[in-house]
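The chain contents come next:
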Amino acid sequence: MNPFTLEVVQIIRSIPPGRVMTYGQVARLAGNPRAARQVARILHSLSRTEQLPWHRVLNAKGEISLEGEEQQLALEAEGVVFDRAGKLSLRRYQV
């Protein structure tokens, strides 16, 4: 893995249960603020093999981007509450 990928994996692993980060936030913390799409690719390709808490990463609007129902159920099991539109409050749950 390249250094950026290793940093992304470490950051995602550090997200505590019941909290979330955005793709862009992970990219910024990993040192490349313009790499949100790369974060999504890393999640897609490494979530299972690296046992990443992929469900804790979502888009900048507080919406679930992929695997909607599964992701929402996993977050709700950690105490995250969604509104009727399927959004969560980043102000409340973002690390």
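Residues numbered from 1 in each chain as written. Predicted model: local features only at pLDDT ≥ 70, side-chain atom pairs only at ≥ 80, totals over all residues. Heavy atoms only, no water.

Within an unreviewed UniProt entry, the label attached to the chain reads DNA methyltransferase, and the organism entered is Exiguobacterium undae.

1. A look at the pattern of salt bridges
On inspection of all chains with the given rule, the structure shows three salt bridges. When the shortest N-O distance is used, the salt bridge between Glu50 and Arg13 registers 2.7 Å. Placement of Glu50 in the loop between α3 (36-46) and β2 (57-58) and of Arg13 in helix α1 (residues 3-13) is noted, with a sequence separation of 37 residues between them. Residues Glu63 and Lys87 are paired through a salt bridge, measuring 4.0 Å at the closest nitrogen-oxygen approach. Of this pair, Glu63 sits in the loop between β2 and α4 (68-77) while Lys87 is found in the loop between α4 and α5 (90-93), placing the two residues 24 residues apart along the sequence. When its relative accessible area of 30% is taken as the criterion, Lys87 is described as partly exposed. (Salt bridge = Lys/Arg side-chain N within 4 Å of Asp/Glu carboxyl O. Helix = DSSP H or I, 4+ residues; strand = E, 2+ residues; numbered from the N terminus. Buried < 20%, exposed > 50% of the residue type's maximum accessible area, 1.4 Å probe, protein only.)

2. Regarding unusual backbone geometry
Its identity is not glycine, yet Gln51 carries a phi of approximately 50°, on the positive side. As for its position among the elements, Gln51 is in the loop between α3 and β2. Assessed through its relative accessible area of 70%, Gln51 is described here as exposed.

3. Looking at the environment of Val80
If you trace the backbone, Val80 turns up in the loop between α4 and α5. Separated by 71 residues in sequence, Val80 and Val9 place their C-alpha atoms 22 Å apart. Residue contacts for Val80: discarding those within four places in its chain leaves Gly18, Leu75, Leu88 and Tyr93. (Contact = heavy atoms within 4.5 Å.)

4. Observations regarding the nonpolar core
Counting residues in hydrophobic clusters, the biggest one holds 18 residues, and the most contacted among them are Phe4, Val8, Ile12, Val26 and Val39. Breaking this core down by element, the ones donating at least two residues are α1, α2 (23-29) and α3. At five residues, α1 tops the list of elements feeding residues into this core. Beyond its immediate stretch of four places on either side in the chain, Val26 contacts Val8, Ile11, Ile12, Met21 and Val39. (Core = buried A, V, L, I, M, F, W, Y, C linked by side-chain atoms within 4.5 Å.)

5. Here's the deal with the side chain of Gln71
Within the element layout of this structure, Gln71 appears in helix α4. With relative accessibility at 1%, the residue Gln71 sits in the buried group. Here the side chain of Gln71 touches His55 through a polar contact of 3.0 Å, landing on its backbone oxygen. Of the polar contacts made by the side chain of Gln71, one reaches the backbone oxygen of Val57; its length is 2.9 Å. (Polar contact = N/O pair within 3.5 Å; in protein donor to acceptor, adjacent residues only side chain to side chain.)

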